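Coordinates in review
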Amino acid sequence: MSRFFLKIHEFLNRHKCQALIIAVLYLGLMSFLATGIKLEEDITKLVPSGNDQDLVKTILEESKFSDKIIFRVKAEENTDRDSLVAYANEISEFLNSELSEYVTGVKGKIPEQDIKQIYNFVQSNLPIFLNEQDYVIIDQKIDADSIAASIESGYKQLISPTGFVTKNYFLSDPLSITRLGLARLQELQVGDQYVLYQNYIMTKDQKNILFFIDPVYPASESNSNKQFTAKLEAKIASLDARYNTITGDYFGGLRYSVANAEQIKQDVRTTVIIAVAVLLFLLVVYYRKFYVPILLFVPSIFAGITAVAILYISQVSVSAISLGIGAILLGITLDYSLHILTHLRYSSNIEKLYKDITKPVIMSSLTTAIAFMCLVFVKSEALRDLGLFASLSVLFSSFFALVLIPFLYTPGNIYAKTTILDRVSSLDYSRIKPLVYLLSGLFVVSLFFFSKVEFNEDLSELNYQPEHIKKIELELEGLAGRSGKTILLVAYGNSLDEALYRNNQLYQDLKKFENEGDIENFSSIGGVVLSTETQESRIDKWNSFWTAEKQDSVKNNIQKTSKIFGFKSNSFSNFDEVLVKNYSSIGLKDYELAGSLYMQDFVSNNPEISTVSSSVNLPEDKVERFISYFENVPGVVALDRKAINQNFLGDLKAHFNILILASIVAVFLVLLLFYQNLLLSVITLLPIAITWICALGIMYFFRIEFNILNIIISSFIFGLGLDYSIFITNSCLKEYETGRSELKTYQASIILSVITTLLGIGALIFAKHPALKSISIVSIIGVLTAVSVSFILQRSLFRKLIFQQYGSLSFRRNNKNAVSEKLYHKDAILKHYRYQSTYSEAKAEFRQQREKFLKISRYLAEVDDLLVLNSGIGILPLFIKIKYPQTEVYSLEFEESKRVAAKNAYRLRDDKIYILESAQELPLLRNYIIHGDTHDAALIKNLSKSADLMIFLDTKMKTRWLLDQNFELTYRQNDILIYRKLT
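Source: prediction; values computed, not measured. (Residues numbered from 1 in each chain as written. Predicted model: local features only at pLDDT ≥ 70, side-chain atom pairs only at ≥ 80, totals over all residues. Heavy atoms only, no water.)

As for its placement among the helices and strands, Lys 852 is situated in helix α34 (residues 839-857). Among the polar contacts listed, one links the side chain of Lys 852 to the side chain of Asp 954, at a separation of 2.7 Å. (Helix = DSSP H or I, 4+ residues; strand = E, 2+ residues; numbered from the N terminus. Polar contact = N/O pair within 3.5 Å; in protein donor to acceptor, adjacent residues only side chain to side chain.)

As for its placement among the helices and strands, Phe 290 is situated in the loop between α11 (253-287) and α12 (292-315). Classification of Phe 290 as exposed rests on a relative accessible area of 73%. Separated by 10 residues in sequence, Phe 290 and Leu 280 place their C-alpha atoms 8.5 Å apart. (Buried < 20%, exposed > 50% of the residue type's maximum accessible area, 1.4 Å probe, protein only.)

Per-residue pLDDT for the protein chain averages 83, and the proportion of residues at 70 or more is 88%. Every residue in residues 807-815 scores below 50 in pLDDT, and together they form 14 contacts with partners more than four places removed in sequence or on other chains. (pLDDT = per-residue confidence, 0-100. Contact = heavy atoms within 4.5 Å.)

Once that is clear, we can look at helix α22 (residues 548-564). Along an α-helix, a turn takes 3.6 residues, which lines up residues three or four apart on a common side. Here α22 contains 17 residues, and its C-alpha end-to-end distance of 25 Å stays within 8% of the 24 Å for a straight helix at 1.5 Å per residue. Contacts made by the buried residues of α22 are with α7 (144-158) and α23 (573-580). One or two residues past the end of α22 sits Gly 566, with phi positive at roughly 85 degrees. (Expected span 1.5 Å × (residues − 1).)

This next bit is on the sheet that holds strand β16 (residues 914-916). Spatial ordering of the open sheet is given by β16-β15-β14-β17-β18-β20-β19, a layout of seven strands whose pairing is mixed. Both edges of this open sheet fall to β16 and β19 (967-973), since each of them pairs with a single strand only. Averaged over all neighbouring strand pairs, the angle between strand axes comes to 15 degrees, with direction disregarded. With six bridges connecting them, β19 and strand β20 (residues 976-981) associate as antiparallel partners. Counted as the bridge partner of Leu 969 is Tyr 979 from β20. Of the strands in this sheet, β15 (888-892) and β16 are in contact with helix α36 (residues 896-906), which crosses β16 at around 165 degrees. Its contacts with the sheet place helix α37 (residues 937-944) against β14 (865-869), β17 (927-931), β18 (949-953), β19 and β20, and it is angled at close to 145 degrees to β18. (Pairing = 2+ DSSP bridges. Axes fitted to C-alpha atoms, helices over the stretch in contact; angles between N-to-C directions.)

This brings us to the pattern of salt bridges. Within this structure, the stated rule accounts for 29 salt bridges. In this structure, the salt-bridge partner of Lys 541 is Glu 132, at a minimum N-O distance of 3.7 Å. Here the residue Lys 541 occupies a position in helix α21 (residues 532-545), and Glu 132 occupies one in helix α6 (residues 132-141), the gap between them amounting to 409 residues. For Lys 541, a relative accessible area of 30% corresponds to the partly exposed category. Here Arg 795 makes a salt bridge to Asp 428, at a shortest N to O gap of 2.9 Å. (Salt bridge = Lys/Arg side-chain N within 4 Å of Asp/Glu carboxyl O.)

The set of residues buried in α23 consists of Phe 575, Val 578 and Leu 579. Burial along α23 is one-sided: seen end-on, the buried residues are contained in an arc of 95 degrees. (Arc of directions from axis to C-beta.)

So, on to the packing of helix α29 (residues 710-738) against helix α31 (residues 770-801). At a closest axis distance of 9 Å, the pairing of α29 and α31 adopts a crossing angle of 20 degrees. Between α29 and α31, the crossing angle belongs to the class labelled roughly parallel. Relative to α31, the crossing made by α29 is right-handed. Taken together, the residues that form the contact of α29 with α31 break down as 14 nonpolar, nine polar and two charged. (Parallel < 35°, antiparallel > 145°, perpendicular 65-115°, else oblique. Left-handed = near helix turned anticlockwise from the far one by under 90°. Nonpolar A, V, L, I, M, F, W, Y, C, P; charged D, E, K, R; others polar.)

Glancing now at a negative patch on the surface. Where like charges cluster on the molecular surface, the negative patch consists of Asp 497, Glu 533, Glu 536 and Asp 540. Tallying contributions element by element places α21 first for the negative patch, with three residues. By the secondary structure assignment, Asp 497 is in helix α20 (residues 496-515). A relative accessible area of 34% means that Asp 497 is categorised as partly exposed. (Patch = residues over 30% accessible without salt bridge, like charges linked within 9 Å, V, L, I, M, F, W, Y side chains within 5 Å. Areas by Shrake-Rupley, 256 points an atom, 1.4 Å probe, with all protein chains shown as cover. Lys, Arg positive; Asp, Glu negative; His and termini not counted. Charge placed at Lys NZ, Arg CZ, Asp CG, Glu CD.)

Moving on to the pairing of β14. With five of its five residues buried, β14 lies for the most part within the structure. The alternating pattern of β14 places Asp 865, Leu 867 and Leu 869 on one face and Leu 866 and Val 868 on the opposite face, and all of these are buried. Where β14 meets β15, five bridges bridge the pair, whose relative direction is parallel. Bridged to Val 868 within β15 is Ser 891. Taking the sense of rotation as the criterion, the β-α-β connection linking β14, helix α35 (residues 875-883) and β15 turns out right-handed. Sheet topology note: the β14/β17 ladder contains three bridges and is parallel. The partner of Leu 867 across the bridge, within β17, is Tyr 928. (Right-handed = clockwise from strand over helix to strand, strands pointing away.)

Turning to unusual backbone geometry, a few remarks are in order. Trans peptide bonds make up the majority, and among non-glycine residues the majority have a negative phi. Its identity is not glycine, yet His 825 carries a phi of approximately 60 degrees, on the positive side. You can see His 825 is positioned in the loop between α32 (818-824) and α33 (826-830). Phi angles above zero are rare outside glycine, and Asn 966 is one such case at about 75 degrees.

With that settled, consider the pairing of strand β5 (residues 200-203). If a strand is regular, its side chains alternate between the two faces of the sheet. Where strand β4 (residues 194-197) lies against β5, four bridges are found, and the strand directions are antiparallel. When the sheet's bridge partners are listed, Tyr 194 is paired in β5 with Thr 203. Following β4, the chain reverses through two residues before pairing antiparallel with β5; Gln 198 in that reversal takes a positive phi of roughly 50 degrees. Bridge analysis of β5 against strand β6 (residues 208-215) gives two bridges, and the strand direction is antiparallel. If you follow Met 202 over to β6, its bridge partner there is Ile 209.

This part takes up the packing of aromatic side chains. Taken as a whole, this structure holds 42 aromatic pairs when the rule is applied. With centroids separated by 5.1 Å and ring planes inclined at 35 degrees, the aromatic side chains of Tyr 155 and Phe 565 adopt a geometry described as tilted. A residue pair is termed long-range when its members are at least 10 positions apart, and Tyr 155 in helix α7 and Phe 565 in the loop between α22 and α23 qualify at 410 residues. Judged by relative accessible area, which is 28%, Tyr 155 ranks as partly exposed. Relative accessible area serves as the criterion here: at 25%, Phe 565 is assigned to the partly exposed category. Their ring planes at 25 degrees and their centres at 6.2 Å tell us that Phe 396 and Phe 400 sit as a pair that is stacked. Taken together, the positions of Phe 396 and Phe 400, both in helix α16 (residues 381-408) and four residues apart, correspond to about one turn of that helix. Following the ring pairs from residue to residue traces out a cluster consisting of Phe 4, Phe 5, Tyr 26, Phe 302, Tyr 354, Phe 396, Phe 399 and Phe 400. The ring of Tyr 700 has Arg 703 sitting right over it, with the charged end atom 4.8 Å from the ring centre. (Phe/Tyr/Trp six-rings, centres within 6.5 Å; stacked < 30°, edge-to-face > 60°. Lys NZ or Arg CZ within 6 Å of the ring centre and 35° of its normal.)

Let's shift gears to the environment of Lys 109. In this fold, Lys 109 is placed in the loop between β3 (103-107) and α5 (112-124). Taking the C-alpha atoms as reference points, Lys 109 and Gln 198, 89 residues apart in sequence, are found 8.0 Å from one another. Sequence-distant contacts of Lys 109, defined by excluding residues within four places in its chain, comprise Asn 89, Gln 198, Asn 199 and Tyr 200.

On the surface, a nonpolar cluster with roughly 330 Å² of combined accessible area is contributed by Ile 264, Val 268, Val 272, Val 276 and Leu 280. Note on Val 276: relative accessible area 39%, which makes it partly exposed.

Right under this line is the structure:
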């Protein structure tokens, strides 16, 4: 694999101009594709999906209650209420004219004609608005004495100064039966603490006017809403200055949204400026190159754009939230550039660089990508997008880092100056016993507490809530009479009629709860907008109630009494028509045309689903029982903030527990594939588990809770921990194999990674926004724990299990086949290569050659010395030395890398095998093995002069000339030629 990247590097160096042109063209093409991606800003895509969750999300989308704005005009003591109206008129006119691009409607002032229109609408459809209790009252009203009293009362109103207002209402309904139907409309509001003054909704103390604004943009569109709120607040400030004792304020979901967006921008802007400044200074000082900070981000930029382009090709649209979180997680991709740059700083040998760094970088990126890919199995669209984006970015970042960094970076003088970072990274922290004991103790203690970390499902705690906005919210809730808790109830169905029918049943339940005192009040159209079936039932009730005899009796009594007061005989003809009219059911359109009933605030009708909403105010201690009542009611969902969060996030913790388990299994399999050794895989993965347990333990001790955001960031910590663990393992393997410690290089790159992470995400701990602070705290704990475990415990484990147990650990049972081991010495030989980069090669060579080695060994039982020419990585010399310890064994390998591998394998042996560096060092011995071919025929002839035994293995060289040198061919079979000198 390292040779592949080395060849790419050599090609790029030979064709630099063409390489730069290809890079620019590639980046241009990928950027063009990436710009076509469609970003979806729906935050609900972040939460897990499922039948229940999807239903709740759909209902919330349809209801749109959270997008509405309530505006209040507030007066101080002794303020004329007409001044309140004047202020309200000005702000309403401003909203409708100057802010029409941001507002779809202002609801608060009810036009005069709407009042008459609503009255006529109710009277024209009176049976539909009457319930069973109303007929009891009507029975009393149609008594002769009651009729007489009603006519007399109406007459007195007509002759009063307000008679011109009440005249039409009285003549059309002298018994005030229509008022019974109008009473149903009062149920559209919560509570009875309001009055109408000059057609505005005013509190009874006449200090507040309330009206409602329907914004064009949802709360999530913070940029557009920022412009809207800025213009609105400027107008409020202007009016407040003119009306000294009157102030205006407002509240809605968008106000928190704008405040959150602004605070996030301010926090990120401040922390990023500080973090980037410090990071640039550190990197320039450490690498001595001004362009290094820019170079660091080049692979990440290439990778990020490539990942987005692939997502565009594969699925066109992607969650904006996933890309936003993914941009934070991309900080992990800087690690690869840092590792490569740090290695180049200590050694400018490109071939050595690729040999040392390629495997750990590829391993790290592959394991991290697989960990992120496990997000695909979480039932959340945004998290699936995040998993794909992060996985692709990590993989491409490792590739581009390996290709571009060595090509673009020119190291200066090696070890030009020792920095503080060099001194810190050169320490072996695993040898500092207090640190080992401290971290081990933390792990043991955390075992008892890590599972107790809570998952906070209250999303409101992640919102930035300025005090002045919170104060307005509480004051408006107080004006609305919401002393307890407000619950949203939604009846739904496949059709509007089905939803209305279920809402009518819900209405009956709410009336029952209200009568029993379980709820304080409620707002519902259940008594107003009825299903067709309910309407027809009420019309039938009307028709059965008003028999012909009853109608005649009422008409006669009205005629009789009205004559006394001088009314004409046809004065109440409109009421006669009400009694005899042939009524029929009405539809939602009829309600909407009736006037200011605002039905669209309660009803949503779409082909997929229709919903009807109601709101309930009740004491806090009765919420849980109230909501549980509706859990088994078909077609009705009871929602409050806690219930919504539990519905959306209740399974997320379980999903992430499964995700972590799946990630660990997947990563372990990849490690096993690369290392081909169970112990190495365990030593590399174990620090991740220790990090996770210790981090959770720290979170428990400091009462830090998981939430929807920082639990996602935990996958980032998992990826970083993997990086650190893999690089520490490879540094230990390098030290084990060569005897030279390169811990300083590996630890330096890891420390730089820690610094960049802490300066980037960790600096957000100074943010005011609770979500950013939550992410930052978990990141700091996770990163510091991960690096501590890797530097201290992982190195300690490696020393205990590998360094101090050289060759003694084998997962094979040596006594399983004692005869085989005595013949071939397989385990005795391969233990010299275990945990080294040549282990696979050693296994393969031994498996292919062991029978030949055994055959050759039978001719070497009595030799005192032996030279193996073309000894490779040293398998054959080692076999002979183990077989015959008394024999002095020499080996000569012309290829340096194989000779170094043999040295590393023999390094810890007590009985020495002599490794020769060149042919000039060859001693004149009596026994030689020539493995393979050699082009130096003179060398072989020179060796033959002193030789008693010459063995040729897997050679195509001509050897018959030895017969002329007084040798006889004693064995010729299976590519083995054995010549013994005649005495």
